[in-house]
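Each chain, written out:
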Amino acid sequence: MDFNVKKLASDAGLFFTRAVQFTEEKLGQAEKTELDAHFENLLARADSTKNWTEKIFRQTEVLLQPNPIDNTGARIEEFLYEKLDRKIPSRATNGELLGQYMLEAANEFGPGTPYGSTLVKVGESQRRLGGAEREFMQSTAINFLTPLRNFLEGDWRTISKERRLLENLRLDLDVCKARLKKAKTAEAKAACEGDAIPDFQETRSRNYVLSASASAADHELRVAQTEFDRQAELTRLLLEGISSTHVNHLRCLHEFVEAQATYYAQCHQYMQDLQKQLGSANGEVFPTAFVNTNPTPVPGGSSPSSAATLPVQPSPSPLDTGALSIEEVQPPATGTRKAKVLYDYDAADTSELSLLADELITVYTVPGMDPDWLVGERGNQKGKVPVTYLELLS
C-alpha cells in the first residue's frame, strides 16, 4: 500500500513538473529542446500520411455505402461480428433486391405477357449488376480498405504512443536542464559571496550543499539525455517506416483501380446485353401498340401504349428491292393514314425521312416492306419512317 501511495505521489509530481515546463514554454519563459530538421520533416510527413489516409478511407466507405444512415442496423451488426471475430454474413445489394422484386412482379403479372417477359429480362440484369457490385465491394474492402485500416489502427497508434513518450522525455530533459542551470547559478553566486565574506563554517556548509545539488542535477541531466536520445532514435525508425507504408498503399491503390475497372466493364457488358434483348423484343411488342386502329384517346392525344413507351432506335431496313427506289414508290389509292410524330428522328440515309416531334405526316405501307417501317410523306418529301416513332391516327 505504501509503495502504491509513493508511486502515485511520484507520478503526480512528475506530471506537475511537466505541466509547469510545458506552460512556461508556451509563455516563452523556459527553453525548449528543438528536434533536428530531418526529424521534424519525418513528423510532418507522418501527420500528413495519417490525415489523408483517414480521409481516403472514410470517403471510400461512403463510395461503397452512400447512405450509411439508412444502413445503421447493418453497420452495427457488422461491428458486432468483427468484435466477436466471426465472419460477416453476405448481404444482398440494392441491385440484387431490385432484380428480385422485378422477377417476383413478373411471376405475378405473368412471365408470358409483354410486360412480364420484359420484367424478367431487366430483373435478371439487375441481379447480375448487383452481384458485380457485391464482388467489387468485397474486393475493395479486402485489398484496399483493410490495409488502410490496419495502418490507422496499428502502425499509427504505435507511432502516436512513441511520440507522446518522446514528448514527455523531452519535457523531463528540459526540466533537468533548468534545474542544473539554477543550481550552477546559485553555486556561482555563493562562491562570489564567499570571496567577499569571511569563511565561516556556515558558509562552507552552504557551498557544499550547493555543490552537491549541482552535481545531482548534472547526473539527472545525463540520465534524461540518454533516455531522450534512445526514444528519439526509436521514434525516428518508426517514422522512417512511413515510406514502406506508402509503397504498400500504392500497391493497394492499383488493386482498387483494377477492381473498379472490372466492375464497370461488367456493368457495361450487362447493360449492352440487356439493350440487345429489349431491342429484339421491341419489334414484337411495341409496334402493335402504335398500329392499333382504334386507340383509346387520352389527354395529350397519344394512346396509352405510345405514351408509356420510350422509342428504341430501329436498325435501318432497306426497302425490299429488286424493286423500286423510294422516289418511285407511289401511294396507294386507299390505305393512306395520318400519323403524329412522337419523337424527333434523324434520317440515317437518303431513303429515310427525318421527323420532328408533334408534326403530322401521311403514311402508308408498301408490299414486301419491313413491317417495322412505313413510307411517309410530308409535302414533296418522301422517305421511310420507323413505326415506333409514330402514333397512327384514325
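Residues numbered from 1 in each chain as written. Predicted model: local features only at pLDDT ≥ 70, side-chain atom pairs only at ≥ 80, totals over all residues. Heavy atoms only, no water.

(A) Fine view of the nonpolar core. Ranked by size, the top nonpolar core spans 34 residues in total, and within it Phe136, Phe144 and Leu239 carry the most contacts. Broken down by secondary-structure element, the contributors of at least two residues to this core are helix H2 (37-64), helix H5 (114-196), helix H6 (201-240) and helix H7 (242-285). Here this core takes 15 residues from H5, the largest share from any one element. Once residues within four sequence positions are removed from consideration, Phe136 is found in contact with Leu64, Phe256, Ala259, Gln260 and Tyr263. Membership of the second largest hydrophobic core comes to 18 residues, among which are Leu353, Ile361, Tyr389 and Leu390. (Core = buried A, V, L, I, M, F, W, Y, C linked by side-chain atoms within 4.5 Å. Buried < 20%, exposed > 50% of the residue type's maximum accessible area, 1.4 Å probe, protein only. Helix = DSSP H or I, 4+ residues; strand = E, 2+ residues; numbered from the N terminus. Contact = heavy atoms within 4.5 Å.)

(B) Spotlight on the sheet that holds strand E2 (residues 360-364). The sheet built from 5 strands is open, its strands ordered E4-E3-E2-E1-E5 with antiparallel pairing. Strands with a single pairing partner mark the edges of an open sheet, and in this sheet they are strand E4 (381-386) and strand E5 (390-392). Strand-to-strand twist in this sheet, taken as the mean axis angle between neighbours without regard to direction, amounts to 40°. (Pairing = 2+ DSSP bridges. Axes fitted to C-alpha atoms, helices over the stretch in contact; angles between N-to-C directions.)

(C) Up close: helix H4 (residues 94-109). For H4, with 16 residues, the first-to-last C-alpha span of 22 Å sits near the 22 Å given by 1.5 Å per residue. All of the buried residues along H4 are Gly95, Glu96, Gly99, Leu103 and Ala106. Seen along its axis, H4 keeps its buried residues to an arc of 100°; they face one direction. Opposite the buried face of H4, by more than 90 degrees, sit the exposed residues Asn94, Tyr101 and Glu108. One or two steps after H4, the chain reaches Gly110, where phi turns positive at roughly 105°. (Expected span 1.5 Å × (residues − 1). Arc of directions from axis to C-beta.)

(D) Fine view of the side chain of Thr53. The residue Thr53 is located in helix H2 in this model. A distance of 2.6 Å separates a polar side-chain atom of Thr53 from the backbone oxygen of Thr49. Beyond its immediate sequence surroundings of up to four residues, Thr53 is in contact with Leu148, Phe151, Leu152 and His249. (Polar contact = N/O pair within 3.5 Å; in protein donor to acceptor, adjacent residues only side chain to side chain.)

(E) Molecular detail of the confidence of the model for the protein. Within the protein, residue pLDDT values average 78, and 69% of them lie at 70 or more. Across the protein, element-level confidence peaks in H2 with a mean pLDDT of 93 and bottoms out in helix H9 (residues 304-308) with 41. Low pLDDT, under 50, characterises residues 283-310; the predicted model gives this stretch 37 contacts beyond four residues in sequence or across chains. Across residues 315-324 the pLDDT falls below 50, and counting only partners more than four positions away or on other chains, this stretch makes 15 contacts in the model. (pLDDT = per-residue confidence, 0-100.)

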